[in-house]
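Descriptive analysis of the structure
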Amino acid sequence: MTRLLFAPLIALSAFFSPSSASAHQSPQPASQPAPFHVLAFYTDQGEPDHIDFARQALPFFTELAKKHSFSFESTKRWDDLNPEKLKNIQLVLWLNDFPHTAEQRAAFENYMKHGGAWLGFHVSAYNDDSTHWPWFVDFLGGAVFFGNNWPPLPAKLVVDDRTHAVTRHLPATLTAPANEWYIWKPSPRLDKRVKVLLTLDPQNYPIGLKDVITGGDLPVVWTNTSYRMLYMNMGHGDKIFTSSEQNRLFEDAVAWLGGRK
Ligand code: ZN
């Protein structure tokens, strides 16, 4: 078999290599991880606190891209959520806001079903009776928005699993900066595919003044293990990036989703 395969292999290497010299060179030093491309979607319309978060997230992830050698691109054009554009994207971020058309939704579904990665923040996972996107609710582990605290407040978070690549640099508990915390019904923890990574500590209850959360199991960061995805409830207002611990969570999330572990 070796002899039979020899001629086709020569032909293939001649086809893929512009010169015999480059055929002997490794394209990347072994220590350099493969580059990955991140595309962030956001909006400058709607709730100012959500826009503030996106405005601060763009430079944050631009800096991370330099540190971890990935490419970072951002757009307000949700029509860029299409098969052609996503072909070269390894990780999609939704910095608040979500798809608005059937075409955008279909492109995202197809992308996720074929190995794409997603990191969604805060209102990007919002869904209610009017959403009519059952695949997305299933993607989230069945979580449907039910309510929130108001005003935005800091909260103590419990790390459910500190062995996971996304949470391994976190302490057992941390205080997250002021955020609007969401109630999900049902809790995504009830879905067997879901792994919850951080949860709102019950010690916070009651939390809120105008709108008060009085109890319940409230996961704030989770992954549906059937996909390469993470949802994070953080993303309301201009305080989100003021915690080095929470920033580390964001950093490790992007590294994990981008395949850097
Ligand atoms: Zn909000």
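Everything here concerns the structure above.
The structure contained in this document is the topic of the report that follows. (Residues numbered from 1 in each chain as written. Predicted model: local features only at pLDDT ≥ 70, side-chain atom pairs only at ≥ 80, totals over all residues.)

**Looking at the overall build of the chain**
Per the secondary structure count, the chain includes seven helices and eleven strands. Across the 261 residues in the chain, those meeting the buried criterion constitute 35%. (Helix = DSSP H or I, 4+ residues; strand = E, 2+ residues; numbered from the N terminus. Buried ≥ 20, exposed ≤ 12 C-beta atoms within 10 Å, placed from the backbone.)

**Some details on the nonpolar core**
Counting residues in hydrophobic clusters, the biggest one holds 62 residues, and the most contacted among them are Leu91, Leu93, Leu95, Leu230 and Ala253. Ranked by residue count, the leading element in this core is helix α7 (residues 244-257), at six residues. Setting aside residues up to four positions removed in sequence, Leu95 forms contacts with Ala40, Phe41, Tyr42, Phe53, Ala54, Ala57 and Phe121. (Core = buried A, V, L, I, M, F, W, Y, C linked by C-beta atoms within 7 Å. Contact = placed C-beta atoms within 7 Å.)

**Here we look at the sheet that holds strand β2 (residues 71-75)**
With respect to topology, nine strands assemble into an open sheet ordered β2-β1-β3-β4-β11-β10-β9-β6-β7, the strand pairing being mixed. Only two strands of the sheet have a single partner each, and these edge strands are β2 and β7 (173-179). The average angle at which neighbouring strand axes cross in this sheet is 20 degrees, direction not considered. In the sheet, strand β10 (residues 219-224) pairs with strand β11 (residues 228-232) via two bridges, with the strands oriented antiparallel. Counted as the bridge partner of Val221 is Met232 from β11. Against the sheet, helix α3 (residues 48-68) makes contact with β1 (37-41), β2 and β3 (91-95), and its axis sits at roughly 160 degrees relative to β2, the strand it touches most. (Pairing = 2+ DSSP bridges. Axes fitted to C-alpha atoms, helices over the stretch in contact; angles between N-to-C directions.)

**Overview of α7**
The end-to-end C-alpha distance of α7 is 20 Å, a good match for the 20 Å that 14 residues give at a rise of 1.5 Å each. Turning to α7, its buried residues number three or more, namely Gln246, Leu249, Phe250, Ala253, Val254, Trp256 and Leu257. An end-on view of α7 places all buried positions within 165 degrees of arc, on one side of the element. In the core, the buried residues of α7 are packed alongside α3, β3, β4 (117-121), β7 and β11. (Expected span 1.5 Å × (residues − 1). Arc of directions from axis to C-beta.)

**Brief notes about the pairing of β1**
Inspection of the sheet shows β1 paired to β2 by five bridges, in the parallel sense. By the bridge assignment, Leu39 is partnered in β2 with Glu73. Between the parallel pair β1 and β2, the chain is carried across by α3, and the sense of this crossover is right-handed. Pairing geometry for β1 and β3, over four bridges, is parallel. Bridging across to β3, Phe41 finds its partner in Trp94. (Right-handed = clockwise from strand over helix to strand, strands pointing away.)

**As for unusual backbone geometry**
Here the amide bond leading from Trp150 into Pro151 is cis, since omega sits at 0 degrees, within 30 degrees of zero. Residue position: Pro151 is located in the loop between β5 (145-148) and β6 (153-159). In this model, Lys185 is joined to Pro186 through a cis peptide bond whose omega is 0 degrees. Looking at the element boundaries, Pro186 is found in the loop between β8 (182-184) and β9 (194-200). Backbone geometry places Asp97, a non-glycine residue, at a positive phi of 70 degrees. The topology assignment puts Asp97 in the loop between β3 and α5 (102-113).

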